[in-house]
Amino acid sequence: MRSKFFWKNFLSFVVIICFTTFVVSYLLIIQSQNFIESTATDSLREKLVIFEPYFEDGVSWRDPEQIRKIVEVAREAKVRISVLDQDESLLLESDANEIMSYENQRPRPELSEAKVKEVGLAKRVSPISKLETLYSAKKIETPRGTLLLRLGVPMQKLEERLKEIFTALAIGAAFGMVLSVLIALILVRRITDPVREMTKVAEAISHGNYAARIRRLPANELGTLGEAINRLAEAVQANISRREKMEKIRRDFSSNVSHELKTPLTSIKGYADTLLEGAIDDKENNVRFLRIINSNVERMVSLVNESLNLATIEANEGIVELTPVDWKPIIQEAVNRHQIRMNEKGIVFKHPDAAENMLVRGDRKAMFHILDNLLQNALSYTPANGEVELKVISDNKFCELSVSDTGIGIAKHDQSRIFQRFYRVDAARTRNEGGTGLGLAIVKHLVIQIQGSITVASEINRGSTFTVRLPSV
Ligand SMILES: Nc1ncnc2c1ncn2[C@@H]1O[C@H](COP(=O)(O)OP(=O)(O)OP(=O)(O)O)[C@@H](O)[C@H]1O
Ligand SMILES: [Mg+2]
């Protein structure tokens, strides 16, 4: 079953084809009829000229021998010949049957016309043969008075010719119509099939099937329309999947945050209860308990702060404008910030004092945050007497900044996970450092935001190297 749309289009074509065929056929038939009749009239007129000389002297045609000859010629020329005098009295008639009915044949317009205009024409039904006959008459002046010479030819023959033409025309028209209808069928299908498919796909998309695509794309405007619909579907699909992903991130994030908050809160509640139950007077422990409460509160504060940080960065994703930035002043500031704590912990801190090209395409704030976090981690996860080294290597394509330490290292299977939120290797060991597990997640986000990349190389108990790569300017 084809669609209503198809039938509407197809039937309009069929109506146009039929109408055109009938009009053209009708005009052709009329024209043929006129043509045949005028040809017949012309030939009758010519024949009148052929017969005229027999009657010119007004006497010799009356000879029986001559009459026989005239009748003979008429038969050969396939015409009926009649000769009449001025008063329309019959003098000669080649068709014996017609003589009997002669008196009934009035009026005879061809004769009346011939008397006035030299040549007369008429088409009428002969009462004997009952055949429509074409008559042509001519007035001939002879020394023995006026004669009217008349030739007649039955229309039957002409009508047979016309029928032949009509049959040929009918066959041609029928053939043409079938062919046109077939072509119309193909043309209409070429339009309605893609439209039908597009409608189906558009409906599917509107019902939530975002994976639906138009497969057949014709090389015309319909194809362009199909491509546009496909692109639209793709955009919608991408948006939906992005939204679902964001939804999941948000869900995970809030469950992680509440989970992370539970530990310090339980601890605070425990120590506060202990103090209330009398430990407040325990001179040996009361300050220690308060310190533990305090450090847990600090941990919660930093957790909340970093969560907010991450949320802001995610919200800004793709909005940051990249500009040429020099690593040098950023490194300077970060080094100043960490130098004292490195010294306090007894860590040797090496950093470049001047390098040739440290210009990259990026964002100052993001780059500072990245470096600050990496140095913070190096400091946190490197024991006393270790070494932290900051290096910059650049060529005309990329600039790589690396932070290496001789710290505790990260096992292979953890290396891919440390960039996830709240992920900490061996949580028990690092919790003392007050880490939230958000630092590298933020770093990763920022690096992506400024269109760079970050890698980690590490060996357990030997140290780690984090490398940030950005395009050189
Ligand atoms: N330089 C490093 N050496 C060894 N382990 C590291 C190093 N940097 C990161 N890690 C491991 O990766 C984990 C995730 O690091 P991340 O910076 O994301 O969190 P964090 O340092 O624990 O907390 P914070 O949010 O305070 O930075 C750390 O807990 C630690 O186990
Ligand atoms: Mg960290």
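Keep in mind that what you see is a predicted model, and the values were worked out from it rather than measured. (Residues numbered from 1 in each chain as written. Chains lettered and ligands numbered in written order. Predicted model: local features only at pLDDT ≥ 70, side-chain atom pairs only at ≥ 80, totals over all residues. Heavy atoms only, no water.)

1. So, the overall build of the chain
When its secondary structure is counted, the chain shows 12 helices and 12 strands. The C-alpha atoms of the chain give 56 Å as radius of gyration, which overshoots the globular expectation for 473 residues (23 Å, by more than 25%). Expressed as lengths along the three principal axes of its C-alpha atoms, the size of the chain is roughly 170 × 60 × 35 Å. Across the 473 residues that make up the chain, the buried fraction comes to 37%. (Helix = DSSP H or I, 4+ residues; strand = E, 2+ residues; numbered from the N terminus. Rg over C-alpha atoms; globule rule 2.2 N^0.38 Å. Buried < 20%, exposed > 50% of the residue type's maximum accessible area, 1.4 Å probe, protein only.)

2. Some thoughts on unusual backbone geometry
Phi at K78 takes a positive value of approximately 60 degrees, unusual for a residue other than glycine. Looking at the secondary structure, you find K78 in the loop between α2 (64-76) and β1 (80-85). Look at K78 and you get exposed, because its relative accessible area is 58%. Here Q451, not a glycine, exhibits a phi torsion of approximately 60 degrees, which is positive. Note that Q451 resides in the loop between α12 (439-449) and β11 (453-459).

3. Some thoughts on the packing of helix α1 (residues 4-55) against α2
α2 packs onto α1 with a crossing angle of 180 degrees between their chain directions and a minimal axis gap of 12 Å. With respect to α2, the element α1 is oriented roughly antiparallel. Taken together, the residues of α2 that come into contact with α1 (itself represented by F51, Y54 and F55) are Q66, I70, V73 and A74. Among the residues making up the contact of α1 with α2, the classes are represented as 6 nonpolar, 1 polar and no charged. (Axes fitted to C-alpha atoms, helices over the stretch in contact; angles between N-to-C directions. Parallel < 35°, antiparallel > 145°, perpendicular 65-115°, else oblique. Contact = heavy atoms within 4.5 Å. Nonpolar A, V, L, I, M, F, W, Y, C, P; charged D, E, K, R; others polar.)

4. Here's the deal with the site of ligand 1
In the neighbourhood of ligand 1, 19 residues make up the surrounding shell, with N377, Y381, T436, G439 and L440 lying closest. In this structure, T436 approaches ligand 1 through a side-chain N or O atom, which is 2.5 Å from an oxygen atom. Protein coverage of the free-state accessible area of ligand 1, which is 580 Å², stands at 95%. Contributing elements (two or more residues each) for the shell around ligand 1: α12 and β12 (463-471). Class assignment for the residues of the shell around ligand 1 results in 9 nonpolar, 7 polar and 3 charged. (Near = heavy atom within 4 Å. Polar contact = N/O pair within 3.5 Å; in protein donor to acceptor, adjacent residues only side chain to side chain. Areas by Shrake-Rupley, 256 points an atom, 1.4 Å probe, with all protein chains shown as cover.)

5. Topic: the pattern of salt bridges
Within the structure shown, the criterion is met by 22 salt bridges. As a salt-bridge pair, R299 and E260 come within 3.6 Å of each other at their nearest N and O atoms. Here R299 is found in helix α7 (residues 286-316), whereas its partner E260 is found in helix α6 (residues 221-276), with 39 residues between them in sequence. For the pair R299 and E260, a shared accessibility class is recorded, and that class is buried. For D372, the salt bridge identified is with R337, shortest N-O distance 2.9 Å. Of this pair, D372 sits in helix α9 (residues 364-380) while R337 sits in helix α8 (residues 327-345), placing them 35 residues apart in sequence. (Salt bridge = Lys/Arg side-chain N within 4 Å of Asp/Glu carboxyl O.)

6. Focus on the packing of α8 against α9
Packed helix pairs are characterised by how far apart their axes lie and by the angle those axes make with each other. Contact pair α8 / α9: the axes reach a minimum separation of 10 Å and the direction vectors enclose 20 degrees. In terms of axis orientation, α8 runs roughly parallel to α9. α8 and α9 meet at a crossing whose hand is right-handed. Contacts from W327, I330, I331, E333, A334, R337, H338, R341, M342 and K345 in α8 reach R364, M367, F368, L371, D372, L375, Q376, L379 and S380 in α9. Of the residues in the contact of α8 with α9, the class split is 10 nonpolar, 3 polar and 6 charged. (Left-handed = near helix turned anticlockwise from the far one by under 90°.)

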